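Close look at the chain arrangement
Spelled out from the first residue to the last, the chains are:
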Amino acid sequence: MRELMIGNKAVARGLYEAGCMVVSSYPGTPSTEITEEAAKYSEMYCEWAPNEKVALEVAHGASLGGVRAACAMKHVGLNVAADPLFTISYQGLNAGLVVCVADDPGMHSSQNEQDSRHYAIAAKIPMLEPSDSEEARLFAKKAYEISEKFNTPVLLKMCTRVAHSQSVVNPEERLVPPQVEYVKDPTKVMMTKNSRDAHERVEERTKAIAQWAETADVNRVEMGDTSLGIITSSTSYQYAKEVFGSSASILKIGMVYPMPEKLIKDFAAQVDRLIVLEELDPIMENFCKQIGVAVEGKDIFPICGEFSQNLIRECMDIEVGAHPSIEDEIPPRPPVMCAGCPHRGIFYTLKKNNCMVYGDIGCYTLGAVAPLNSMDLNVCMGASCSGLHGFNKAMGEEGEHHSVGVIGDSTFIHSGMTGITDISYNMSNSTVIILDNSITGMTGHQQNPTTGKNLRGEPAGKVDLEALCRALGFDRVRVVDPYDLDECDRVLNEELSIAAPSIIISRRPCVMIKGTVHKPPLKADTDKCVGCKMCMKIGCPAISVRDKKVRIDHTLCVGCKVCTRMCKFGALEGGED
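Cut-offs and rules
Residues numbered from 1 in each chain as written. Predicted model: local features only at pLDDT ≥ 70, side-chain atom pairs only at ≥ 80, totals over all residues. Heavy atoms only, no water. Phe/Tyr/Trp six-rings, centres within 6.5 Å; stacked < 30°, edge-to-face > 60°. Helix = DSSP H or I, 4+ residues; strand = E, 2+ residues; numbered from the N terminus. Buried < 20%, exposed > 50% of the residue type's maximum accessible area, 1.4 Å probe, protein only. Lys NZ or Arg CZ within 6 Å of the ring centre and 35° of its normal. Axes fitted to C-alpha atoms, helices over the stretch in contact; angles between N-to-C directions. Left-handed = near helix turned anticlockwise from the far one by under 90°. Contact = heavy atoms within 4.5 Å. Nonpolar A, V, L, I, M, F, W, Y, C, P; charged D, E, K, R; others polar. Expected span 1.5 Å × (residues − 1). Polar contact = N/O pair within 3.5 Å; in protein donor to acceptor, adjacent residues only side chain to side chain. Salt bridge = Lys/Arg side-chain N within 4 Å of Asp/Glu carboxyl O. Pairing = 2+ DSSP bridges. Bend = angle between axes of the 7 residues up to and from the residue. 1 Å grid on protein atoms, 1.4 Å probe; cavity = no way out; pocket = protein on both sides within 12 Å on 5 of 7 lines; lining within 4 Å. Points joined across faces, edges and corners; volume = space filled by probe spheres on them.

**A short note on the packing of aromatic side chains**
Inspection of the entire model under this criterion finds four aromatic pairs. Aromatic pair Phe86 and Tyr119: ring centres 6.4 Å apart, planes at 75°, arrangement edge-to-face. Of this pair, Phe86 sits in helix H4 (residues 75-91) while Tyr119 sits in helix H5 (residues 117-123), placing them 33 residues apart in sequence. Note on Phe86: relative accessible area 33%, which makes it partly exposed. An angle of 40° between the planes, with centres 6.0 Å apart, marks the rings of Phe301 and Phe307 as tilted. For the pair formed by Phe301 and Phe307, the shared burial category is buried. Over the ring of Tyr237 we find Lys252; its NZ or CZ atom is 5.4 Å from the centre of that ring.

Dropping the structure here:
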């Protein structure tokens with residue numbers, strides 16, 4: 001029966017239909033729903049791994065065990081998984097392995113805009129790129145065929161628009177291939193001669209896959225008007241169809257690496273003008289030029305950001321038709337932490353003490369936003385710990401210091417442990433604050449090794465953060481309640497005044513965790529309010545000032561009472577419990 005699915009759900013369906021048995025991933029927008037949807041099929045074992053490197057290694061291990069496996073991650077997660085990816089490409093598999101990676105053109109929820117096609121080229125791994133949900137399902141299944149035919153992992157590249165847009169899917173039955181027997185093979189040990197021999201096999205494999213791609217149904221030609229030819233893929237194909245219709249001929253590339261040389265040359269010979277329409281880097285454009293095909297591309301279209309139908313029309317000097325517009329200037333509306341967010345108290349305290357804050361990746365990155373303005377920078381998962389260590393070494397570590405690192409509980413498990421180990425091992429005068437909100441918040445409330453629950457919400461092993469930090473060499477491990485501003489201020493200043501490695505764990509569950517019971521909203525006494533706006537300094541969206549008097553939005557307030565600690569006039573009162 002036909003069904004409307006987002007692209008990520010369709011990928012999960014494709015994995016299921018292909019007989020995948022093991023899925024190990026780390027959540028990251030826009031890839032998260034692939035694994036969440038896969039977990040709804042009881043026939044597949046699904047898990048959240050501590051990070052993407054571990055996830056890929058688990059999936060590869062399952063492949064060696066003889067069953068089809070997969071893992072999913074966002075584009076920056078592929079950086080973390082790159083180490084095993086390159087060697088697995090040499091080593092080969094036993095059963096099929098699909099690595100799903102979701103890029104984020106436009107950086108809707110990411111710190112950079114990298115193009116994952118570079119990894120396919122560098123690791124010499126075939127990459128498929130669907131343009132809608134049905135192709136996402138079909139390409140996931142096709143990926144296993146390619147994987148097992150050519151003894152290689154296959155990258156399945158999604159992007160934000162394909163991952164989260166909906167289109168019609170035609171589900172099919174699940175077919176599970178027999179488990180492949182494991183046979184000991186000494187050539188899989190990647191060292192010296194084995195590695196050199198493997199590299200030669202990979203180069204021959206790439207040639208074979210490129211030859212296969214010449215006639216594979218993942219690439220197709222749609223002939224229309226031959227005055228204009230377009231080589232494209234993914235969402236850009238959808239935009240091309242909407243903008244040009246039959247007024248152009250299209251070569252739709254489904255396998256973006258390796259690309260079909262003869263198919264491209266034959267297509268080019270049939271059209272008068274040839275352009276390449278692709279988001280981000282000129283991967284296909286450069287390939288065309290490399291094989292001697294004259295094309296236009298980034299001289300017409302931008303290299304940064306997402307494409308759209310109207311952007312393509314403007315770049316091609318096609319008139320943009322009338323469309324609804326808003327004449328009034330809309331004020332900017334940056335994202336903010338939720339009302340009652342436990343991170344707010346910590347960031348207020350850090351700003352109050354004028355700290356240099358080395359940030360990390362999570363919803364707490366919003367600590368950089370006004371009025372808190374208390375995060376100086378962020379780089380990547382775990383960098384707050386190791387980066388802080390380097391910063392303090394450069395600045396000098398004698399006496400008091402005013403720099404801290406902040407990192408969430410899930411991010412800490414992902415890649416913060418090695419950074420704080422460097423701090424303790426080298427006796428760095430550095431203080432790291434672990435923001436433990438009992439969930440992986442930014443990607444939609446996934447469990448992690450500190451929550452005591454697995455992907456399906458079942459009881460699981462739970463990491464004791466205090467014991468772990470002590471085991472990693474920290475004598476000073478403090479725990480604070482971020483709702484208690486006085487305690488946060490006192491503990492922070494104590495740790496900053498002592499020349500020793502230290503950890504502060506800010507512990508309070510995210511207010512948005514399902515099942516959380518909130519306290520009644522606060523009340524504002526306008527007679528007591530003097531309009532000082534001190535309560536506004538914490539940036540809670542439930543608080544506003546109108547006619548110089550404080551107001552509480554009862555639909556947002558969760559009764560955390562942090563703001564009452566800032567009002568010196570008693571204008572904010574706790575609701576009745």
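**Comments concerning the packing of helix H1 (residues 7-17) against helix H6 (residues 133-150)**
Where H1 meets H6, the closest approach of the two axes is 7 Å, and the angle between their N-to-C directions is 35°. Regarding H1 and H6, the two cross each other, and that crossing is right-handed. Side by side, H1 and H6 meet where Gly7, Ala10, Val11, Arg13, Gly14, Leu15 and Glu17 of the first sit next to Ser133, Ala136, Arg137, Ala140, Lys141 and Tyr144 of the second. Of the residues belonging to the contact of H1 with H6, the class tally is six nonpolar, three polar and four charged.

**A short note on H6**
Taking 1.5 Å per residue, 18 residues should reach 26 Å; H6 reaches 25 Å between its end C-alpha atoms and fits that length. Within H6, 14 of the 18 residues are buried, which leaves the element mostly enclosed by the surrounding structure. Capping the start of H6 is the job of one residue whose side-chain oxygen sits 3.3 Å from the backbone nitrogen of Glu134: Asp132. One or two positions beyond H6, positive phi appears at Asn151, with a value near 55°.

**Quick word on unusual backbone geometry**
Looking along the chain, the bond that leaves Thr29 and enters Pro30 is cis, with omega of 15°. Relative to the helices and strands, Pro30 resides in the loop between strand S2 (22-25) and helix H2 (32-38). Its identity is not glycine, yet Lys548 carries a phi of approximately 65°, on the positive side. Following the sequence through the fold, Lys548 ends up in the loop between strand S20 (543-546) and strand S21 (549-552). Here Lys548 falls in the exposed class, since its relative accessible area comes to 69%.

**Details of the pattern of salt bridges**
Overall, the coordinates contain 37 salt bridges when judged by the stated rule. Linking Lys193 and Asp197 is a salt bridge whose minimum nitrogen-to-oxygen distance equals 2.6 Å. Linking Lys193 with Asp197, this pair stays in helix H8 (residues 192-213), spanning four residues, or about one helical turn.

**Overview of the sheet that holds strand S9 (residues 220-222)**
Overall, mixed pairing links the four strands, which are arranged S9-S11-S10-S13 in an open sheet. Strands at the two margins of the open sheet, each flanked by one partner only, are S9 and strand S13 (273-277). Strand-to-strand twist in this sheet, taken as the mean axis angle between neighbours without regard to direction, amounts to 20°. Note: strand S10 (residues 228-232) against strand S11 (residues 249-252), four bridges, orientation parallel. Within S11, the residue paired with Ile230 across the bridge is Ile250. Contacting S10 and S13, helix H11 (residues 283-290) runs over the sheet at an angle of about 140° to S13.

**A look at the side chain of Ser234**
Its location among the elements puts Ser234 in helix H9 (residues 234-244). Discounting chain neighbours no more than four positions away, the residues touching Ser234 are Glu129, Pro130, Ser131, Cys159 and Val162.

**Details of H4**
Across its 17 residues, H4 extends 23 Å between first and last C-alpha, which sits within 8% of the 24 Å expected from 1.5 Å per residue. Most pronounced at Ala81, the bend in H4 amounts to some 65°, and the proline Pro84 follows within four residues. Positive backbone phi, at 90°, marks Gly92, one or two positions downstream of H4.

**Here we look at the layout of surface pockets**
For the largest pocket, the calculated volume is near 480 Å³. Lining the largest pocket are 35 residues, and of these Tyr26, Ile361, Met381, Thr411 and His414 sit closest to its centre. For the lining of the largest pocket, the secondary-structure elements that each account for two or more residues are H4 and helix H15 (409-425). Looking at the lining of the largest pocket element by element, the count peaks at five residues for H15. Here the lining of the largest pocket is built from residues that sort into 13 nonpolar, 19 polar and three charged.

Interpretation in functional terms is not warranted from these geometric data alone.
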